[in-house]
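Listed below, chain by chain, are the residues.
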Amino acid sequence: MADSSVSNDILHVEKHVAYIRSLDTRRDSLEYWLTEHLRLSGVYWGLTALCLLGHPDALPRDDTIAFVKSCQHPCGGFGAHPGHDPHLLYTVSAIQILAIEDALDAIDQDAVVSWISGLQQEDGVFAGDEWGETDTRFLYGAMNCLSLLGRLDAINVPKAVEYVMRCQNHDGGFGMAPGAESHSGQIFTCVGALAIAGDLERLDKDLLGDWLCERQLPNGGLNGRPEKLEDVCYSWWVLSSMAMIGKLDWIDKDSLVKFILRCQDEEKGGIADRPGDMPDVFHTVFGVAGLSLLGYEGLEEVDPVYSHLSSLDFQIAESCNVA
Amino acid sequence: MASHGVTRSSYAAQSKDVAARERELKKLTEYHELTAEFQRKRTEKEYTKEALDVTAKVLKINPEFYTVWNYRREILLHTTLLPFSPSPDGVDETAAYGGYEASTAGLLKQELAFLFPLLSSYPKCYWIWNHRLWALHQATRLLSPPFAEKFWRAELDLVGLMLSRDMRNFHGWMYRRFVVANIEQPEKSLVEEEFAYTSGMVRGVGGMTNYSAWHQRSVLIPRLLEERGSGEQERMDFLEDELELLKRAMSTDPDDQSLWFYHRWLVYANALPGDRTAIAPDMPVVTRILLLVDQIEWLKELLESHSSCKYILKALVSYVGLYRTLKQEPIPDEDREDLDEVDENQEQALLKEWLDTLVRLDPMRRGRYMALRKSVLIQE
Ligand SMILES: [Zn+2]
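The rules behind these values
- Residues numbered from 1 in each chain as written.
- Chains lettered and ligands numbered in written order.
- Predicted model: local features only at pLDDT ≥ 70, side-chain atom pairs only at ≥ 80, totals over all residues.
- Heavy atoms only, no water.
- Helix = DSSP H or I, 4+ residues; strand = E, 2+ residues; numbered from the N terminus.
- Rg over C-alpha atoms; globule rule 2.2 N^0.38 Å.
- Buried < 20%, exposed > 50% of the residue type's maximum accessible area, 1.4 Å probe, protein only.
- Contact = heavy atoms within 4.5 Å.
- Areas by Shrake-Rupley, 256 points an atom, 1.4 Å probe, with all protein chains shown as cover.
- Lys, Arg positive; Asp, Glu negative; His and termini not counted.
- Charge placed at Lys NZ, Arg CZ, Asp CG, Glu CD.
- Buried area = accessible area lost by both parts, 1.4 Å probe.
- Salt bridge = Lys/Arg side-chain N within 4 Å of Asp/Glu carboxyl O.
- Polar contact = N/O pair within 3.5 Å; in protein donor to acceptor, adjacent residues only side chain to side chain.
- Nonpolar A, V, L, I, M, F, W, Y, C, P; charged D, E, K, R; others polar.
- Core = buried A, V, L, I, M, F, W, Y, C linked by side-chain atoms within 4.5 Å.
- Axes fitted to C-alpha atoms, helices over the stretch in contact; angles between N-to-C directions.
- Parallel < 35°, antiparallel > 145°, perpendicular 65-115°, else oblique.
- Left-handed = near helix turned anticlockwise from the far one by under 90°.
- Patch = residues over 30% accessible without salt bridge, like charges linked within 9 Å, V, L, I, M, F, W, Y side chains within 5 Å.
- pLDDT = per-residue confidence, 0-100.
- Expected span 1.5 Å × (residues − 1).
- Phe/Tyr/Trp six-rings, centres within 6.5 Å; stacked < 30°, edge-to-face > 60°.

Attention now goes to the overall build of chain B. Helix and strand counts for chain B stand at 17 helices and zero strands. For 380 residues, the compact-globule estimate of 2.2 N^0.38 gives 21 Å, and chain B exceeds it by more than 25% at 29 Å. On the principal axes, the C-alpha backbone points of chain B span a range of 85 × 65 × 35 Å. Each of the 380 residues in chain B was classed as buried or not, and the buried ones make up 51%. Sequence separation of at least 24 residues holds for 67% of the intrachain contacts in chain B that already meet a minimum separation of 6. Summing over all exposed atoms, chain B offers an accessible surface of approximately 18500 Å²; the carbon and sulfur share of this is 54%. Mean positive and mean negative side-chain charge positions of chain B (49 and 59 charges, respectively) differ by 9 Å.

So this is what it looks like as structure tokens:
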């Protein structure tokens, strides 16, 4: 299975760059079309990974910006692809891409701001779209977007923070709604929202840090909840949450670096959920971002709060058998 | 775009298979035709039975295509799921409403029946759970309350079935809380039933390790005791039973994290004053200390038979630290005699020994134990 001539002790930067560049050329596969509902996020993950790998120009900038613009609706929100409805998940991806490309001026920002602020509910949380599903993922996404646009004034931040605090559990973690079980993806969004609001002091960092550091398993990888399997994507959410509360030294960084490196496809590039599995762009970006946060040599630095990596799409992680 | 758990070797084998590749191309063509038809009908704002059928076909292949779910709801809202409107010609309104209600209920049942196999195949797809919840809200919106409640009650059985297949599916647990909240009324609480459900879960096969069920229990307990109107003695008995249940589980499998997080909550919430989510929040300080000492002594015993279990050691260190905090509280003189004298030097030595063992047993979390050391050890 693994090619013994190529070792996974190091990060295969060039192979990952080639892998990401090849993604948009796979139009004869069913999978390419079955994931159209994620396209804008896919572009965002690929672009972020390329930036961290030191190849920010590997995707054609003009085409990327044009594609983002083609996904915007008159209401201000973005869909995942032309012909797909607006949703906060993809609006975040759109704004993040434009922020990376320094092209926020290319769109009508006021429309985006008014669309997002219209999604805030009475209790402070945000809906994902006009159909009204609410989740702390959307709350973080809204705050992330508006803060990138410099328009946090357009929403009620204290109310959003109160909602986040209602989602906190006895174990120090956070769930998707008040009363829901702690989950590291949701912890990322709640801690991220508090970080953006400047309210991290409201956390019991020792309690939360303890729950998070127990996510590391003997093979170095991190899981998303107690008694679950390790996964590269969860490794990122746990790791970035720990970075935000200053507890990165509560886990073993070296073994996590080794675990992520073992998840590389050493022949064709890309990173998978765990060693030996098929890589994808989603785990590739989270793997590279994790390595960056762990100080892996030669990578650009990632910001754990904005990270240019909103982890909103952990609905994908949810399709993990391990989630 | 995101593949979880597909091995590279199985993928490579599959892509070499020429017949499989042909089947994929055929599927691809069919899928393109279907989505093109969907986009055309949506653009034309076509709200018909045919359009509904197209959404069903696309969603069966790709339930993640959220825009198709949106279109499906638009079609239903424009065609069949309409509010009752009495006809102006003075026919018997009650009879007319009865007919309306029966046919609307039938339509909603059809919608739920369409969703069930999808949910079974894709139990972690957010959009399916969402759509199902939407359909149930239509029952509340369009039907009379007793009729609507039948839908929500039936849903409780379904979510029970889903959770019996995967006890940790957090969509399932979240959904269960939604369903319960929609059945509950100010004068009709389900907290006893729901608590009994978690009891069955944690006592059942493999349930002990079910963090989701323990979590749900921690959420329900404060409300349960409130609604029972439990007095202080009943609350203390309840706490004792809960600790007993946990003790049995922990002796069986002391390496199960789920139990330790729950235990930590029980101990901290009840030992520290003023936690309104505690089971027995009004215990005097000496009772709280005795309770804690009891747990510490039991853990020391457990350690004898499981000397390399890091969770026992970590709990011991934290609880002794907590014990030291509690002793700072003012204790009435007459209560003081109930407490045994503690040799602080010996206690300090034990703490050091436990912490050293922790670092040796679990070097990955060395940084965590160093922080713990700093917070519990009396300055040397
Ligand atoms: Zn994953």
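Moving on: the overall build of chain A. A count of helices and strands for chain A gives 14 helices and zero strands. When the helices and strands of chain A are placed in sequence order, the string is α-α-α-α-α-α-α-α-α-α-α-α-α-α. Over its C-alpha atoms chain A spans a radius of gyration of 19 Å, differing by no more than 12% from the 20 Å that the globule rule assigns to 323 residues. A principal-axis box enclosing the C-alpha atoms of chain A has dimensions of 60 × 45 × 30 Å. Per-residue burial for chain A yields a buried fraction of 67% across its 323 residues. Nonlocal contacts in chain A, meaning residues at least 24 apart in sequence, comprise 68% of its contacts between residues at least 6 apart. Taken as a whole, chain A presents about 10500 Å² of accessible surface, with 49% of it coming from carbon and sulfur. Computed over 22 positive and 50 negative side-chain charges, the inter-centroid distance for chain A is 1 Å.

Opposite the 81 residues of chain A that make contact, chain B presents 62 residues. Taken together, the two surfaces of chain A and chain B that pack against each other cover about 6200 Å², and 55% of this comes from carbon and sulfur. In this structure, the connection of chain A to chain B is made through ten salt bridges. One salt bridge connects Lys314(B) with Glu214(A), and the closest N-O pair in it is separated by 2.5 Å. Run the count over chain A and chain B and you get 35 residue pairs in polar contact (both at pLDDT 80 or more). If you list the elements that add at least two residues to the side of chain A that touches chain B, you get α2 (30-34), α3 (39-52), α5 (88-100), α10 (205-213), α13 (281-293) and α14 (314-318) of chain A. Among the residues making up the side of chain A that touches chain B, the classes are represented as 31 nonpolar, 22 polar and 28 charged.

It is worth spelling out the environment of His283(A) at this point. Residue and element names in this part refer to chain A. Among the secondary structure elements, histidine 283 is positioned in helix α13. You can call histidine 283 buried: its relative accessible area is 0%. Between the alpha carbons of histidine 283 and glutamine 109 there is a distance of 30 Å; along the sequence they are 174 residues apart.

To continue, consider the nonpolar core. Counting residues in each nonpolar core, the largest one holds 165 residues, and the members touching the most others are Phe78(A), Ile116(A), Phe126(A), Leu139(A), Phe174(A) and Val191(A). Per-element accounting of this core gives the leading share, ten residues, to helix α6 (residues 126-142) of chain B. Residues Leu239(B), Ile279(B), Leu291(B) and Leu326(B) belong to the second largest nonpolar core, which totals 65 residues.

With a phi close to 60°, Glu227(A) is a non-glycine residue in the positive phi region. For Lys45(B), which is not glycine, the phi torsion reads 50° and is therefore positive. Along the polypeptide, Lys45(B) turns up in the loop between α2 (18-43) and α3 (49-61).

Okay, the packing of helix α4 (residues 61-70) of chain A against α5(A) next. All names here are of chain A. Contact geometry of α4 with α5 gives a least axis separation of 10 Å together with a crossing angle of 150°. When the axes of α4 and α5 are compared, the pair comes out roughly antiparallel. The chirality of how α4 crosses α5 is left-handed. Counting all contacts with α4, which are made through Thr64, Ile65 and Val68, the residues of α5 involved are Ala94, Ile97 and Leu98. Tallied by class, residues from the contact of α4 with α5 come to five nonpolar, one polar and no charged.

The final tally for this structure, using the stated rule, is 43 salt bridges over all chains. Between Arg228(B) and Glu192(B) there is a salt bridge; the shortest N-O distance is 2.8 Å. Taken together, the residues Arg228(B) in helix α10 (residues 211-228) and Glu192(B) in helix α9 (residues 191-203) connect sequence positions 36 residues apart. Overall, the relative accessible area of 40% leaves Arg228(B) in the partly exposed class. When salt bridges with common partners are traced through the structure, they connect Asp210(A), Glu214(A), Lys310(B), Lys314(B), Asp362(B), Arg365(B) and Arg368(B) into a single cluster.

Attention now goes to a negative patch on the surface. All names here are of chain B. Together, Glu234, Asp237, Glu240, Asp241, Glu244 and Asp294 make up a negatively charged patch on the protein surface. For the negative patch, the leading source of residues is helix α11 (residues 232-252), giving five residues. Tracing the chain through its elements places aspartate 237 in helix α11. For aspartate 237, a relative accessible area of 38% puts it in the partly exposed group.

Moving on, we get to the confidence of the model for chain B. Per-residue pLDDT for chain B averages 92, and the proportion of residues at 70 or more is 98%. Under the prediction, the complex receives an ipTM of 0.92, its pTM being 0.93.

All names here are of chain A. Look at helix α11 (residues 232-244): 19 Å from first C-alpha to last across 13 residues, which is about the 18 Å you get at 1.5 Å a residue. Within α11, twelve of the 13 residues are buried, which leaves the element mostly enclosed by the surrounding structure. Turning to α11, its buried residues are Val232, Cys233, Tyr234, Ser235, Trp236, Trp237, Val238, Leu239, Ser240, Ser241, Met242 and Met244. Once α11 finishes, glycine 246 follows within two positions and takes phi at roughly 70°, a positive value.

All names here are of chain B. One pass over the full model with this rule turns up 24 aromatic pairs over all chains. Here the aromatic rings of phenylalanine 38 and phenylalanine 65 are separated by 5.5 Å at their centres, their planes lie at 75°, and the arrangement is edge-to-face. Pair noted here: phenylalanine 38 is in helix α2 and phenylalanine 65 is in the loop between α3 and α4 (66-79), with a separation of 27 residues, a long-range link. Overall, phenylalanine 38 belongs to the buried group, its relative accessible area being 0%. Looking at phenylalanine 65, the relative accessible area reads 2%, which means it is buried.

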